[in-house]
Amino acid sequence: MTVSYSIDVSKSSLITFINLQLRWRGSIWKSVLLEVLMFCLAFFSLSIVYNHHLSDETKKFWDDLSALFDSKMDYIPLTFMLGFFVTIIVNRWNEIFNNVGWIDPCALVMSSYLRGSDDKSRIARRNAIRYLVLTQVLVFRNISMQVRKRFPSLETIVASGIMTEEERISYEECSLKQIYPKYFLPIQWTFSILYEARSGGKIGADLQLNEIMKCVLDFRKGLAQLCNFDWVPIPLVYPQVVFLAVRSYFFLALIARQSILIDGAPPNPNHPIFPLVPFIMTVLQFIFYVGWMKVAESLMNPLGEDDDDFECNFLIDRNLQLGLAIVDETYNALPYQQKDAFWD
Amino acid sequence: MTVSYSIDVSKSSLITFINLQLRWRGSIWKSVLLEVLMFCLAFFSLSIVYNHHLSDETKKFWDDLSALFDSKMDYIPLTFMLGFFVTIIVNRWNEIFNNVGWIDPCALVMSSYLRGSDDKSRIARRNAIRYLVLTQVLVFRNISMQVRKRFPSLETIVASGIMTEEERISYEECSLKQIYPKYFLPIQWTFSILYEARSGGKIGADLQLNEIMKCVLDFRKGLAQLCNFDWVPIPLVYPQVVFLAVRSYFFLALIARQSILIDGAPPNPNHPIFPLVPFIMTVLQFIFYVGWMKVAESLMNPLGEDDDDFECNFLIDRNLQLGLAIVDETYNALPYQQKDAFWD
Amino acid sequence: MTVSYSIDVSKSSLITFINLQLRWRGSIWKSVLLEVLMFCLAFFSLSIVYNHHLSDETKKFWDDLSALFDSKMDYIPLTFMLGFFVTIIVNRWNEIFNNVGWIDPCALVMSSYLRGSDDKSRIARRNAIRYLVLTQVLVFRNISMQVRKRFPSLETIVASGIMTEEERISYEECSLKQIYPKYFLPIQWTFSILYEARSGGKIGADLQLNEIMKCVLDFRKGLAQLCNFDWVPIPLVYPQVVFLAVRSYFFLALIARQSILIDGAPPNPNHPIFPLVPFIMTVLQFIFYVGWMKVAESLMNPLGEDDDDFECNFLIDRNLQLGLAIVDETYNALPYQQKDAFWD
Amino acid sequence: MTVSYSIDVSKSSLITFINLQLRWRGSIWKSVLLEVLMFCLAFFSLSIVYNHHLSDETKKFWDDLSALFDSKMDYIPLTFMLGFFVTIIVNRWNEIFNNVGWIDPCALVMSSYLRGSDDKSRIARRNAIRYLVLTQVLVFRNISMQVRKRFPSLETIVASGIMTEEERISYEECSLKQIYPKYFLPIQWTFSILYEARSGGKIGADLQLNEIMKCVLDFRKGLAQLCNFDWVPIPLVYPQVVFLAVRSYFFLALIARQSILIDGAPPNPNHPIFPLVPFIMTVLQFIFYVGWMKVAESLMNPLGEDDDDFECNFLIDRNLQLGLAIVDETYNALPYQQKDAFWD
Amino acid sequence: MTVSYSIDVSKSSLITFINLQLRWRGSIWKSVLLEVLMFCLAFFSLSIVYNHHLSDETKKFWDDLSALFDSKMDYIPLTFMLGFFVTIIVNRWNEIFNNVGWIDPCALVMSSYLRGSDDKSRIARRNAIRYLVLTQVLVFRNISMQVRKRFPSLETIVASGIMTEEERISYEECSLKQIYPKYFLPIQWTFSILYEARSGGKIGADLQLNEIMKCVLDFRKGLAQLCNFDWVPIPLVYPQVVFLAVRSYFFLALIARQSILIDGAPPNPNHPIFPLVPFIMTVLQFIFYVGWMKVAESLMNPLGEDDDDFECNFLIDRNLQLGLAIVDETYNALPYQQKDAFWD
């Protein structure tokens, strides 16, 4: 389910900040907590060995090793890799979001141009809408784990009522090779319905038929775009290199951040609180970088199962209910027309 | 209310700069003042304890601690996080702004194509416009706190004259499940009005009907986009991680910026003015970073209640007044046509 | 007036570079000269006091203070703030530029579809064009200081011939509340002219009427976009924080860049040329950063009065002259049609 | 073949990370492995000479040389060059991807508007589709090495059935100069088929003919865009400078990263593990930077032969099969229309 | 001439890298060679004076001066200025490239909708195409030095056959003021041809006339966009400040990079190879930064005369030849229609 927090940021203030941080679902805390704990555990274990179980000589060796690592840590260009990568991912996420497919314009235009209250007209309108939703289901099954789980087979779609048994048979009869998707078929059916409605005079003009077809093609185009994004993701090398950089940075930080030196010398007199400083700062750094990386990870597959991924199943139900309501229940409904309150 | 300052930046000069800085509404000063004061207070309190109430030994300890923190402060990647984040937020803000919904094209086309000066034609035009504004009100109620406060219920909309009692009943009668919004209904009504006007010959051609419908669908699409942006915000993790980074940076700065060392040693002879230097610089840094963050905070929900958020209520009133003026008051108005001043 | 320099950059070479630097109008030199001089003056004054009028002890104090400031100067994140801010401003400037309004497509389509060489047809075409230019004038008056100065009142527009006295009266008679702009009115008039021309058979088909109306709506949309950009600028906080950061950086540089230390010690033997080094470098830095900032300042209001702002008045005159020439002078002009030189 | 990994990133977690890293095809490991090995080999060879075969004096010389190089390594601005360059390349790659050419909309519209089940109608529809695929083949032959290898000559296209012998002769008869591509010819043929179908009444209205032509022009436009991208690549200087910077950086790193100094002095006592630290860090740096560069290299020619380049041959086959299935096999297919499961 | 290198980057590998670097036309080597040599010469001259002709005392002075300059070099923010600037320039270059004007869609639509094989129809089609190319020539003459050189006057256009003598006279007779361009005139002529063809029944429907006009307007829009880009370039300050920053950086580097100090002291014992290190690194830095700057310089005026600028003259010839071939030579050509190889 998407995580909405607009209400929390209605006013920009310190309260806003606190409210924002206190959320759990889809939050940074939920996504990094486990890894932060693991990191702390590993850091402490090493720290205890280092501080309590090493002879002074070995300690000197580890101090030097740690300092050496620390001085080379900035070879790994975390910040910019993450910054540029997240920007690219966000752009792609935006495009996916814009193509996710809303039935409303199709339904509104169909309701206006495909006329008639008899059963045949109603069936035409309802089935056209249903076929569009069916296309969406078929596409989403292939790209969204949520929908795949809900509709593991064509039979389950039939069971849900989005497809009839006859349609399933037609669909499977189409002899196109397995590797090519048959998503076009329900769109084809919609067009056949529309063409028949035009022939039968239910649609009054070629222009009107054409307008409905354009809306349907727009709907189809969005879904096709989703398939394409799924077919050609950001080249694998890019996320690999970015995520690997982040993780290996913090793996090395386990060693590199163990010793505390101020201008190359340990603080004098020493105090048990000093080793906490690099630890605290490294944990903060871990939270910020890994949190930032999580943004990229969760946006990379926005139709997945993270907390803030798109709710594909909700969208399908909404499109079906709303589409049917528009083309059938509220068809031709118009409240009594009268002069409005501002009439001179 | 939006804060316009174009006039102040008409010419690029030093005066421009000063004029720009002297504004209060929607300014950096207004937005960071409180937090700057809190930061100064905390900094000073710590500073007084540190400078006057510590023994030399404890002071040495704090000096070391402070220096240690200071040397690790750049683990927190403020600049880039803010830079990339603000860029993404600004893009989104731009898109929201472009979809906020202006009635003008709908009204102009309707006024040209839906002809007739009799009451029935006027009612048709006026109600079609009113229904569009009604859609805007219904949508804005859900995404803008300002509009929600003005129209807490459908009854208040009826009271304002944007909806009639009959329409409210129709609207509530629609049996669609609660979770699906019924924003489509007034659009449906508009289409019914238009279809009837075409049947009655008030609209002269299918092409003209289609053109009006396209304008209405464009208007609707903008509003739908606003709903979508509200439904799927930037993933929560991103603002959380950025805002947290900024705040924790300055929280740690309270400790890290207390001691003054030049190349690791205190300036000699010491002077009460020296501790002021890191303080001044840290306060400046606070103003710039927190100010930058405020840009992001205030842009994240541009329909909220900050000084420079969009004035949704103004937009609704404007759309209603202007729409009615275009389709009714100035319908068919044309000044006397004569040869212009440049006629050969 | 815009500053064109394409010819100077036709070939990429050292000459290109020098030609580019030698320009004055709209150049970096013109825009930063005054401020550079002020900065140098302030720097020198401080430098003289510092080098000649201070006792050794006070000097030591200032050296330390200066060094302390210098070591904290990078708290101010100039580079990225400017980089990201300028990118955002440039995007906005591009959009404004794309919406500035060119009459050509409207005039060409009108000239093709609104036929007739009699006075009435010519008046229709000429007035339709004139109304579009009038809309542009009315909009530009509110957003561009240049145009406001040229047309301080509706009377001055009438005097220029872009509006007739009758039209001015019609315009002012429209009873819409003061706060809502009446820019739509001349568009409404244009549509009325077009509708009458269609009724009178001067426009041959609904499709042709519709095509002209689309062009007019496109023209209107650009101008509306300009109004919107004026109504909702980039939130004030953003330019404030960026410009303040730049200026305060260089204000502090006056102190921070006074002393010269190599690895913490003054060069030995000292030489009067050494203090010049930080001075030269700081002045260069001043030129680059303030120059960069000037890019942002001058792009922020591209309809203002800077050297390279859009020439709104030129655009208005051009649109009027060119529009009239297209729809009237060269109406139906076609050179003698013959076989071309490449005819087999 | 494109490399799809969406399924691996369905949930953001540590497992996701590991799954992502364990892939081989199209992975960072495959693309940098060879070069990493070469780099290690070179580094070790130098290291062995340096540590075992040098006199102390020569060693001191190499230490100084190495340190001197190391201190200047940041003259080479790797991070930003790569970051900005990759962003630009990704944008271009996106545009190429969006224009790669899908037959579906053309086929669906043609199937709806070009009616008739007789042989002549079927031939018209099938050939129109075939000509579009033929255009795609002709264009891809010039810009994609994969397709060039599959179709080295027009004869091979004829052999595949996408072109008939008569068509090949027509194509070669066109007397246009060699340097201008004749891709337009099959489009021209398609338009002729459509025009004849309209004349023969198979297409019912001008509007319908026009709609099909628009779809075909859209398809053509995408392919033309691909040609343009091929004709005008990102200026050569940009990839040259970026790739050279990366390679020369690591070439110099072979020398610069040989000695280990902590604060300018070798760690005391020395230990054979110390020289490993800069080696490990440099190899990591090599993997990240060269991996990042590989992203750019593989995206620069997305129609090439890298693992994650677009599968042009698959696309051609898919378009042909799917196009024919839509316009012929499933023409006019519509399952039995009945009341749906949600009928009140 | 554009420089194509797609074939070299078909596969991402080390060979790719070497092939890419070995090119000369349009390469980094060609564009920076001269300046690198000048830089080396200046550096060496200074180096010789410094190393051989200075007393030890003067040398100490120069060492200090050089070190002082070196420590301040990072005041000049090269990397980000270049990165952000190049990104902006690349976006603009892309837009220019997208608007450069291809005749194909106009010609294809014209060939389909403007029917007839008699001389009069052929003249109509051929002249319409010729007028579009003429518009392109007229526009390009003003914005591209290449085309200006080829067509220094209207007479040379007449001589080339793109314009007839009668058309030139018509063009010059148009009494529009000199400062307004008359590019619209050939478009106007095209529209007149089309209107007459519609009146004469050569174009079968209003919709078809309208479709051709839309294509022509699109072609015109691209060219108008080019004029606008020429009229309003990126504000002069921006390239000035960026290019000046790069050049002054390397001018100062001549001094700043003369001395070699490791941790503030010269290496001991000295060796003639040491001074080469900063020299090599500075030359590399010069190549990368100046090369990057060259990207910006050559993209800033893509219609100029650099190696990789668009070939405007080629485009004009191609448009003319291809346009005429489409509307005349291959008009109505359609190979014998038969069943295809995949017919069931």
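This is a predicted model, so every value here is computed, not measured.

Caption draft 1: Structural detail: the relation of the copies chain B and chain A. Mapping chain B onto chain A calls for a screw motion: a turn of 72° about the axis and a shift of 0.0 Å along it, with 0.0 Å RMSD after fitting. These values place the two chain copies in the arrangement generated by a five-fold rotation axis. Little of the interface of chain B is mirrored in chain A, where only 3% of its interface residues again form contacts.

Caption draft 2: Expanded view of the pattern of salt bridges. Tallied over the full model, the rule gives 90 salt bridges over all chains. Put simply, Asp-119 of chain A and Lys-339 of chain D hold a salt bridge, and the shortest N to O gap is 2.9 Å. Linking Asp-119 of chain A in helix α6 (residues 119-143) with Lys-339 of chain D in the segment after α14 (312-329), this pair reaches from one chain into another. Counted as one network, the salt bridges with shared partners bring together Glu-35, Arg-247, Lys-294 and Glu-297 of chain A.

Caption draft 3: Up close: the interface of chain B and chain A. Contacts between the two partners involve 92 residues from chain B, matched on the other side by 95 residues from chain A. In this assembly, chain B packs against chain A so that about 8,800 Å² is buried in total across both faces, 68% of it on carbon and sulfur atoms. Contact with chain A buries area across many residues of chain B, yet Tyr-75, Trp-231 and Leu-236 of chain B alone supply 9% of it, more than any other trio. At the junction of chain B and chain A, the tally comes to three salt bridges. Where chain B touches chain A, the interface holds 18 residue pairs in polar contact (both at pLDDT 80 or more). With 13 residues, the top contributor of residues to the side of chain B that touches chain A is helix α11 (residues 206-231) of chain B. Taken together, the residues that form the side of chain B that touches chain A break down as 52 nonpolar, 17 polar and 23 charged.

Caption draft 4: Inspection of the interface of chain C and chain B at higher detail. Taken residue by residue, the interface counts 92 residues in chain C and 95 residues in chain B. Interface area for chain C against chain B, summed over the two sides, is near 8,700 Å², with a carbon-plus-sulfur share of 68%. Remark: the boundary between chain C and chain B carries 17 residue pairs in polar contact (both at pLDDT 80 or more). Here the element with the most residues in the side of chain C that touches chain B is helix α11 (residues 206-231) of chain C; it accounts for 13 residues. Looking at the side of chain C that touches chain B, its residues break down into 52 nonpolar, 17 polar and 23 charged.

Parameters and conventions
Residues numbered from 1 in each chain as written. Chains lettered and ligands numbered in written order. Predicted model: local features only at pLDDT ≥ 70, side-chain atom pairs only at ≥ 80, totals over all residues. Heavy atoms only, no water. Least-squares fit on C-alpha atoms with pLDDT ≥ 70 in both. Contact = heavy atoms within 4.5 Å. Salt bridge = Lys/Arg side-chain N within 4 Å of Asp/Glu carboxyl O. Helix = DSSP H or I, 4+ residues; strand = E, 2+ residues; numbered from the N terminus. Buried area = accessible area lost by both parts, 1.4 Å probe. Polar contact = N/O pair within 3.5 Å; in protein donor to acceptor, adjacent residues only side chain to side chain. Nonpolar A, V, L, I, M, F, W, Y, C, P; charged D, E, K, R; others polar.

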